[in-house]
Amino acid sequence: MKKGLFITVEGADGCGKTTQLNLIAQYLRDMGADVLLTREPGGAQLGLELREILLHYDGFVSSKCESFLFFADRAQHVDTVIKPAIQQGKIVVCDRYTDSTVAYQGYGKGVDISQIQYLNNLATDSLLPDLTIVFDVDSEIAQQRVGAQKDRLESEGIDFHARVRNGYLQIAKSEPLRVKVVDANPPVDVVFESVKSIIDDFI
Ligand code: TYD
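The structure contained in this document is the topic of the report that follows. (Residues numbered from 1 in each chain as written. Predicted model: local features only at pLDDT ≥ 70, side-chain atom pairs only at ≥ 80, totals over all residues. Heavy atoms only, no water.)

## What about the side chain of Ser 67?
Line of reasoning, step 1. Relative to the helices and strands, Ser 67 resides in helix α3 (residues 63-87).
Line of reasoning, step 2. The residues touching Ser 67, leaving out its near neighbours within four places in the chain, are Gln 105 and Val 111. (Helix = DSSP H or I, 4+ residues; strand = E, 2+ residues; numbered from the N terminus. Contact = heavy atoms within 4.5 Å.)

## Describing the site of the ligand
Line of reasoning, step 1. For the ligand, the set of nearby residues contains 17 residues, the closest of which are Asp 13, Lys 17, Arg 96, Thr 101 and Gln 105.
Line of reasoning, step 2. Between the ligand and Arg 74, the relevant distance is 3.1 Å, taken from an oxygen atom to a side-chain nitrogen or oxygen of the residue.
Line of reasoning, step 3. Burial of the ligand by the surrounding chains reaches 91%, relative to a free accessible area of 540 Å².
Line of reasoning, step 4. Elements supplying a minimum of two residues to the shell around the ligand: α1 (17-30), α2 (45-56), α3 and α4 (98-108).
Line of reasoning, step 5. No other element matches α4, which puts four residues into the shell around the ligand.
Line of reasoning, step 6. Within the shell around the ligand, the residues separate by chemical class into five nonpolar, four polar and eight charged. (Near = heavy atom within 4 Å. Polar contact = N/O pair within 3.5 Å; in protein donor to acceptor, adjacent residues only side chain to side chain. Areas by Shrake-Rupley, 256 points an atom, 1.4 Å probe, with all protein chains shown as cover. Nonpolar A, V, L, I, M, F, W, Y, C, P; charged D, E, K, R; others polar.)

## Regarding the side chain of Lys 17
Line of reasoning, step 1. With respect to the helices and strands, Lys 17 occurs in helix α1.
Line of reasoning, step 2. Apart from the residues lying within four places of it in its own chain, the contact partners of Lys 17 are Val 9, Glu 10, Gly 11, Asp 95, Arg 96 and Phe 135.

## Some points on the sheet that holds strand β4 (residues 131-136)
Line of reasoning, step 1. Strand order in the open sheet made by the five strands is β2-β3-β1-β4-β5, with parallel pairing throughout. Whereas interior strands pair on both sides, the edge strands pair on one side only; in this sheet they are β2 (35-39) and β5 (179-183). Strand-to-strand twist of the sheet, defined as the mean angle between neighbouring strand axes without regard to direction, takes the value 20°.
Line of reasoning, step 2. In the sheet, strand β1 (residues 5-11) pairs with strand β3 (residues 91-95) via five bridges, with the strands oriented parallel. By the bridge assignment, Phe 6 is partnered in β3 with Val 92.
Line of reasoning, step 3. Of the strands in this sheet, β1, β4 and β5 touch helix α8 (residues 188-202), which is tilted by about 165° from β4. (Pairing = 2+ DSSP bridges. Axes fitted to C-alpha atoms, helices over the stretch in contact; angles between N-to-C directions.)

## Overview of the environment of Leu 153
Line of reasoning, step 1. Along the chain, Leu 153 falls in the loop between α6 (139-146) and α7 (158-174).
Line of reasoning, step 2. Taking the C-alpha atoms as reference points, Leu 153 and Leu 55, separated by 98 residues in sequence, lie 6.6 Å from one another.
Line of reasoning, step 3. Apart from residues no more than four positions distant in its own chain, Leu 153 is found in contact with Leu 54, Leu 55, Glu 66, Phe 70, Tyr 104, Gln 105, Lys 109, Phe 160 and His 161.

## Things to note about the state of the cysteines
Line of reasoning, step 1. Enumeration according to the criterion identifies zero disulfides in this entry.
Line of reasoning, step 2. Residue Cys 15 stays outside any disulfide, its sulfur separated by 14 Å from that of Cys 94, the closest cysteine.
Line of reasoning, step 3. We classify Cys 15 as buried; its relative accessible area is 3%. (Disulfide = S-S within 2.5 Å. Buried < 20%, exposed > 50% of the residue type's maximum accessible area, 1.4 Å probe, protein only.)

## Details of the environment of Phe 202
Line of reasoning, step 1. Within the fold, Phe 202 resides in helix α8.
Line of reasoning, step 2. Judged by relative accessible area, Phe 202 falls into the partly exposed class, the value being 27%.
Line of reasoning, step 3. For the pair Phe 202 and Leu 131, spaced 71 residues apart in sequence, the C-alpha to C-alpha distance is 7.8 Å.
Line of reasoning, step 4. Other than its neighbours up to four places away in sequence, Phe 202 contacts Leu 5, Ile 7, Asp 130 and Leu 131.

## Some words on α7
Line of reasoning, step 1. Spanning 17 residues, α7 covers 24 Å between terminal C-alpha atoms, matching the ideal 24 Å at 1.5 Å per step.
Line of reasoning, step 2. Within α7, the full set of buried residues consists of Phe 160, His 161, Val 164, Gly 167, Tyr 168, Ile 171 and Ala 172. Down the axis of α7, the buried set is contained in an arc of 135°. They therefore lie on one face. Facing away from the buried side of α7 by more than 90 degrees, the exposed set consists of Asp 159, Lys 173 and Ser 174.
Line of reasoning, step 3. Buried residues in α7 make contact with β1, α4, β4, α6 and β5. (Expected span 1.5 Å × (residues − 1). Arc of directions from axis to C-beta.)

## A look at the pattern of salt bridges
Line of reasoning, step 1. Summed over the entire model, instances satisfying the criterion amount to 11 salt bridges.
Line of reasoning, step 2. Ionic pairing is found between Lys 17 and Asp 95, a salt bridge with its closest N-O pair at 2.4 Å. With Lys 17 in helix α1 and Asp 95 in strand β3, this residue pair connects regions lying 78 residues apart in the sequence.
Line of reasoning, step 3. For Lys 17, a relative accessible area of 8% gives the class buried.
Line of reasoning, step 4. Glu 40 serves as the salt-bridge partner of Arg 74, at 2.6 Å between the closest nitrogen and oxygen. (Salt bridge = Lys/Arg side-chain N within 4 Å of Asp/Glu carboxyl O.)

Have a look at this one:
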C-alpha cells in the first residue's frame, strides 16, 4: 500500500534543474515532510558504476545498449531505494526518471518510443511519478549553462538537445495531469515561484 509521494524533476542538460531540486527539497522539508532526494543514473550503489559508464565511457556505445544501461540502473534504483522510501511515507524527489529515457534515447536518439515505454514499465513495475516538473529552457541558453566541461551525453550537438527539449514538451502534452512545464529561462528565484505554485496546488 502506497503511503508517500513520488516527484520527478526533468529537463534537457543545462536547464537549471539541480539548483531547483535543492530548493524543492528544502521547501518540502520546511513544510515538515520527510524528503529523500535521489537521482538517475546512479541513485543506488550498483548504479554508481553504471553512471560512470553512461557518462564517461569513451568508446562507442550504441543507443540500444545505452537505453538498457539506463533501464538496469532504474530497475535497481526503484527496487532498492525509491519503493522502500515511498513505503516508509517519504516524499521521494528524483532527479530524472522514465521521461529522461523517452526524451533522450527516444526523441533524441531515435530508439522506438513505445518499446522504451514498455521497458520503462518492466524496470519500474509501472511505478509512475505522482508529479513531474519539466524545466524548459531555450536550447542555446542551455548549452551556454552547461559550459565547456561536458560529459558523454552533454557532448551531443545542439540538434540533439533541441530534439530532447521537444520530446519533453510532447510528453507534457500527452500527460498534462502528471507533467507540468516550467519556463526555466528567467532567473532562479522567478523560476522557483512557478515551482512553488505547482507544488502548492499538488499538495
Ligand atoms: P547528470 O550529470 O546527472 O546530468 P543532469 O544534471 O543534466 O541530470 O547526467 C545525466 C545524463 O544522462 C544527462 O545528460 C541525461 C542523461 N540521461 C539519459 O540520456 N537517459 C536517461 O534515462 C537518464 C536517466 C539520463
